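Tertiary structure, described
Chain residues, written in single-letter form:
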Amino acid sequence: MTISLEKPWIHSERLNEVLAGHMGIFQLANVNDQIIFIGFAGGKSPGGLKHEVAKMLATSPDAESFRYEITTSYWSRFKELMALHWSEYKSYPQLNSQTQVDRISPTVGGWD
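Remember, predicted model here, so these are calculated numbers, not experimental data.

In this section: the environment of serine 73. Tracing the backbone shows serine 73 in the loop between β4 (65–70) and α3 (74–89). Along the sequence, serine 73 and glycine 24 sit 49 residues apart, while their C-alpha atoms lie 7.3 Å from each other.

Following this line, the structure appears as structure tokens:
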């Protein structure tokens, strides 16, 4: 089992077709499918994922696509994805550079 988000990327033009007002997490990617932002839509997000993704796409000219996961555990899932990104790249995504997240370390491998 992996903690990474492995769903296919969806082009930004399809936002209104696929997203609704659910709670969850999302990632934005540039033209090279590199993750440039990890975000979430929580209980206080007006319009849920649809609104949060649209807002970030509008303010991020490099964002070409997105992927998402509907979950009510959006905060812990967000922290997992941020920790995974840190462990792989030793930095947060480009647009998350100001985000302060507790450093948690995902377990690599399985049971010993």
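That covers the picture; the talk isn't over yet.
Counted residue by residue, β4 has 5 buried out of 6 residues, so it is predominantly covered. The pairing of strand β1 (residues 10–11) with β4 spans 2 bridges and is classified as antiparallel. Directly across from histidine 11, in β4, lies its bridge partner serine 65. Where strand β2 (residues 24–29) meets β4, 6 bridges bridge the pair, whose relative direction is antiparallel. Within the sheet, the bridge partner assigned to phenylalanine 26 lies in β4 and is tyrosine 68.

Here the focus is the nonpolar core. Leu19, Phe26, Leu28, Val53, Phe66 and Tyr68 are the most contacted members of the largest nonpolar core, which has 15 residues in total. Only β2, β3 (35–41), α2 (48–59) and β4 provide two or more residues apiece to this core. A per-element tally of this core places α2 first, with 4 residues. If we ignore the near neighbours within four places in the chain, the residues touching tyrosine 68 are Leu5, Lys7, Ile10, Val18, Leu19, Ile25, Phe26 and Leu49. If you look at the next biggest cluster of nonpolar residues, it comprises 8 residues, including Ile38, Phe78, Leu81 and Tyr92.

As enumerated under the stated definition, the model contains 7 aromatic pairs in all. Geometrically, the ring pair formed by phenylalanine 26 and phenylalanine 37 is tilted, given 5.8 Å between the ring centres and 45 degrees between the ring planes. One end of the pair, phenylalanine 26, is in strand β2; the other, phenylalanine 37, is in strand β3, and 11 residues separate them in sequence. Accessibility expressed as a relative area gives 11% for phenylalanine 37, which makes it buried. Following the ring pairs from residue to residue traces out a cluster consisting of Phe40, Tyr74, Trp75 and Phe78.

The rules we used
Residues numbered from 1 in each chain as written. Predicted model: local features only at pLDDT ≥ 70, side-chain atom pairs only at ≥ 80, totals over all residues. Heavy atoms only, no water. Helix = DSSP H or I, 4+ residues; strand = E, 2+ residues; numbered from the N terminus. Buried < 20%, exposed > 50% of the residue type's maximum accessible area, 1.4 Å probe, protein only. Pairing = 2+ DSSP bridges. Core = buried A, V, L, I, M, F, W, Y, C linked by side-chain atoms within 4.5 Å. Contact = heavy atoms within 4.5 Å. Phe/Tyr/Trp six-rings, centres within 6.5 Å; stacked < 30°, edge-to-face > 60°.

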